[in-house]
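If you want the building blocks of each chain, they are given just below.
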Amino acid sequence: MMSTHESLHVPVLLNTSEGESVLEYLKPKPGDRVLDATEGLGGHSEAFLRAIGPTGKLVGIDADEENLLKAKERLKGWKQQCTFVHDNFRHVSRLNFSEFDIIFADLGMSSLHVDDAQRGFSFRADAPLDLRFDRSKGMTASQLLHAASEEELVRIFKVYGELPQARRCASAIFREARQHSVSLDTTVGLRQLVEKLFGFRAKFLLPQIFQALRIAVNDEMGALEEFLASIPALIAPNGSIGIISFHSLEDRRVKEAFRAWTTPEKDPRTGAIAKQSPFELLTRKVVVPSEEEIRRNPRARSARFRAVRRREITA
Ligand SMILES: C[S@@+](CC[C@H](N)C(=O)[O-])C[C@H]1O[C@@H](n2cnc3c(N)ncnc32)[C@H](O)[C@@H]1O
C-alpha cells in the first residue's frame, strides 16, 4: 500500500523493477555519509538510509521549510542519523560539513509544490503568484513581473521557458503589468491574461511561462552553478555525486561540469595524459526513466540523471 508521502511525491529513478535506479550508480553502503541536497519529501533519502544502515549519516538540505518538516516526519525512525538544514544548496560550502561519500540532488520542484494550490506553482488553481521554494525570502513571481524590464522578461521566457514566441509574450505581459489593466498578483490573473492574448495557444504556453518564472524567481541556474563549484571539495575519495535534472539547461550545465571534472590534463606537445582527472564518469550515457516509470509517474518524463565518482588518488 502507498503511504501518504509516496502518494504526494513519487521519487524518480528509484525503482529498479521499472528501469535503472540512482542507487545502482551511487551504490550507498553501510556506514556511508550522504548529502541529499534536495530533501523534498524524503523519498530518495529514505532509500539511502535503508542502504547505509545504522552506522551511516545523512544530511538533508531543502530551501523549502515545509517540505523539510514533512521529510523529517517521514524519516523520524532514523532521526539519530539525520541532520536537516533549511537553506539553499548554493550555500553548501558555508555549512561547515566535512566529507561525504555520496552527494545527491534531485533538482527543481516537488509535486507537493504543484499540488498545494496556495503556493502558486499551478496555473490551474487560484493562488497568489508566488513560486518561491523558500517563502521566507526573495521576490515572488508577481513582484518579479512588476519589477523586471521588458528585456529581462524576454530573456527569462526565452532561456528558461524555451518559448518560441518569447518576445511577443514577454512584451505583451510587460505592457499589461505596467498599465495595471489586469491583476498579475494571482495565478488566475496571469492565466487569464495569457488566454486573452494567445487564445487556444495559451494552454501550450502557460506551462512554459510558469516554468520560466519559477526558474527565475528561485535563481535556479545561479544556485546550481554555485553548488557545482562547491561539491568537488566536499566529496571523499571514491565518493559519488549524482544529479537528476528536469530542464535541458540544467542538464547541459551538469554535463559540462562533469565533463570538466572527468577530462585528464594532456601534455600540449605530445598529447599524452599529464595528469589524471579527479573524477570518472559513472553514467556513460544520460540515464532516463523507463516508459513504465513515466506511465506510472508522468512527472518523471523529463528526468535526466548523471553521476561521477571521485578517484581515490589523483596524482
Ligand atoms: C524534486 S524535489 C526533491 C524530491 C525528493 N528527492 C524526494 O524524493 O522527495 C526538489 C526539492 O528541492 C528543493 N530545492 C530546489 N532548489 C533548491 C535549492 N537551490 N536549494 C535547496 N533546495 C532546493 C525544492 O524545494 C524541493 O523540495
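Just above sits the structure.
Throughout what follows, the structure given in this document is the object of discussion.

### Structural notes on the packing of aromatic side chains
The geometry of an aromatic ring pair is captured by the separation of the ring centres together with the interplanar angle, meaning the angle of the planes.
So, point 1. Inspection of the entire model under this criterion finds eight aromatic pairs.
So, point 2. When the ring of Phe 97 is compared with that of Phe 100, the centres are 5.6 Å apart and the planes differ by 75°; the resulting orientation is edge-to-face.
So, point 3. Under the relative-accessibility criterion, Phe 97 is labelled partly exposed at 21%.
So, point 4. Here Phe 121 and Phe 133 contribute two aromatic rings whose centre-to-centre distance is 6.0 Å and whose plane-to-plane angle is 15°, an arrangement assigned as stacked. Residue Phe 121 is located in the loop between helix 5 (111-115) and helix 6 (141-147), and its partner Phe 133 is located in the loop between helix 5 and helix 6; the two are separated by twelve residues in the primary sequence. In this structure, Phe 121 and Phe 133 share a single accessibility class: buried.

### Details of the environment of Glu 256
So, point 1. By the secondary structure assignment, Glu 256 is in helix 12 (residues 248-262).
So, point 2. Within the structure, the side chain of Glu 256 is placed 3.1 Å from the side chain of Arg 253, a separation counted as a polar contact.

### Thoughts on the environment of Ile 241
So, point 1. With respect to the helices and strands, Ile 241 occurs in strand 5 (residues 235-245).
So, point 2. Judged by relative accessible area, which is 0%, Ile 241 ranks as buried.
So, point 3. Excluding residues that lie within four positions of it along the chain, Ile 241 makes contacts with Leu 26, Ile 103, Ile 231, Ile 235, Phe 258, Trp 261, Phe 279, Arg 306, Ala 307 and Val 308.

What counts as what
All residue numbers here refer to positions counted from 1 along the written sequence of the relevant chain. Residue-level local features of this predicted model are given only where pLDDT is at least 70; pairs of side-chain atoms are given and counted only at 80 or more, and the full residue set underlies all totals for whole chains, interfaces and linings. Side-chain measures were taken over the full set of non-hydrogen atoms in the model, leaving aside hydrogen atoms and water. Side-chain rings of Phe, Tyr and Trp, where Trp is taken by its six-membered ring, are said to pair if the distance between their centres is within 6.5 Å; with planes under 30 degrees apart they count as stacked, over 60 as edge-to-face, and otherwise as tilted. With a 1.4 Å probe rolled over the protein chains alone, any residue whose accessible area is under 20% of its type maximum counts as buried; one over 50% counts as exposed, and the rest are partly exposed. Helix numbers and strand numbers start at the N terminus; a helix is a DSSP run of H or I with at least 4 residues, a strand a run of E with at least 2. The term polar contact refers here to a pair of N or O atoms within 3.5 Å; inside protein, the definition further demands a hydrogen-donor-capable atom paired with an acceptor-capable atom, and it admits residues adjacent in sequence only when both atoms are side-chain atoms. Contact definition: two residues touch when any of their heavy atoms are within 4.5 Å.

Note that every value here comes from positions in space, so none of it alone points to a role or purpose.
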